[in-house]
Structure formats: structure tokens, C-alpha cells
Amino acid sequence: MKPGTTCRFVCTLGAVALQQGALAAPLLRCEVTYAGATQQVQARMVDDPYSVPSVDIGGRFHFKAVMVGRGEHIESIALYAYLDTRHQPILVQEAKYLPPYHSGVTPYLLTGEQHIYAGEVERELIYHCTLEGVAP
């Protein structure tokens, strides 16, 4: 072998392992629909659930997806849907998911399709969330 060949081979393997580790981090993807428009809300692991902002959905709702954990271990997943009112957002649904979670890199449906009706004229918010990259 030429000098430096081993280092290049080992360094390349190390870089691939780091990339695979980064790709394996858990990811929560939620598709949220209101008034025929769909938005994707993504959540990665956080230590502090209070630091996660909610996402405006069509000026009528707010949606917040929170995945709490450390490293590759998910401690909990919480989903919040709020109706936006003149005075303040009002919580209309809170859903919590606790371990164990299905492991693997292939996304799987965590929530099923949810339909929420809120407000004076019962506006409809629809969402479903998938989870991927959970380590066994």
C-alpha cells in the first residue's frame, strides 16, 4: 500500500459512519391541512419542549409538534393544536405519545389521520404525523 492509503480508507469509512448517524436521527413529520392548503411541520429532538414555537396554519389555527429526548432516545412526543382567536390561542387538542416507538429508517404512521373541529363555525383542521429514524 502507498503511504496515506490506509488513512484515506479509514477516514472515508469514518465520514460515511458520521453521515449515516446524522441520517438516522429521529424525525417527526406532520402534514397539516386547513382550507385545502397543506403545510409540512417537522420536529427534531429537543431538550426543552417550551422552546419549540407553534406554526401558524392559515391564520386560523396553530400547530406545535414536540419531540423530547437525548441522543437517539425519544422520551416523548406531544402534538398541540390551537384555535387562533382575537384574544389568544385556545388549545383544542393535545396528544401525547410515549415509548416504545417503532424502530427503523422507514417512516411509519404515528397518529393516523386526525380531524379537529373548532370555533363558532366549526372550522376543520386535519393532520397526520409519521416518525422515522428511530434506533432499535
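The structure displayed is predicted, hence computed values, not measured ones.

S.K.: I'd like a description of the pattern of salt bridges, backed by residues and values.
M.R.: Two side chains with opposite charge may pair up if their charged atoms get near one another. A full pass over the atoms with the stated rule returns three salt bridges. Among the salt bridges present, the one from Asp-47 reaches Arg-70, with a minimum N-O distance of 3.2 Å. With Asp-47 in the loop between β3 (45-46) and β4 (55-57) and Arg-70 in strand β5 (residues 61-70), this residue pair connects regions lying 23 residues apart in the sequence. In this structure Asp-47 comes out as exposed when scored by relative accessible area, which is 56%.

S.K.: Give a description of the layout of surface pockets that names residues and reports values.
M.R.: The calculated volume of the largest pocket comes to roughly 310 Å³. If you trace the largest pocket, you find it lined by Gly-59, Arg-60, Leu-83, Asp-84, Thr-85, Arg-86, His-87, Ala-118, Gly-119, Glu-120, Val-121 and Arg-123. Residue composition of the lining of the largest pocket, by class: three nonpolar, four polar and five charged. Taken as a whole, the second largest pocket holds about 160 Å³ of empty space. As for the second largest pocket, its lining consists of Pro-49, Tyr-50, Lys-64, Val-66, Val-68, Ser-76, Ile-77, Ala-78, Tyr-80 and Lys-96. For the lining of the second largest pocket, the elements supplying multiple residues, two or more each, are β5 and β6 (73-83). If you tally residues by element for the lining of the second largest pocket, the top one is β6, at four residues. Grouping the amino acids of the lining of the second largest pocket by side-chain chemistry returns seven nonpolar, one polar and two charged.

S.K.: Now, about the environment of Glu-31: what can you tell me, with residues and values included?
M.R.: Inspection of the secondary structure assignment puts Glu-31 in strand β1 (residues 27-34). Under the relative-accessibility criterion, Glu-31 is labelled partly exposed at 36%. On a C-alpha basis, the gap between Glu-31 and Ile-126 in space is 8.2 Å, while along the polypeptide they are 95 residues apart. Those residues in contact with Glu-31 that lie beyond four places of it in its chain are Thr-38, Gln-39, Gln-40, Ile-126, Tyr-127 and His-128.

Calculation criteria
- Residues numbered from 1 in each chain as written.
- Predicted model: local features only at pLDDT ≥ 70, side-chain atom pairs only at ≥ 80, totals over all residues.
- Heavy atoms only, no water.
- Salt bridge = Lys/Arg side-chain N within 4 Å of Asp/Glu carboxyl O.
- Helix = DSSP H or I, 4+ residues; strand = E, 2+ residues; numbered from the N terminus.
- Buried < 20%, exposed > 50% of the residue type's maximum accessible area, 1.4 Å probe, protein only.
- 1 Å grid on protein atoms, 1.4 Å probe; cavity = no way out; pocket = protein on both sides within 12 Å on 5 of 7 lines; lining within 4 Å.
- Points joined across faces, edges and corners; volume = space filled by probe spheres on them.
- Nonpolar A, V, L, I, M, F, W, Y, C, P; charged D, E, K, R; others polar.
- Contact = heavy atoms within 4.5 Å.

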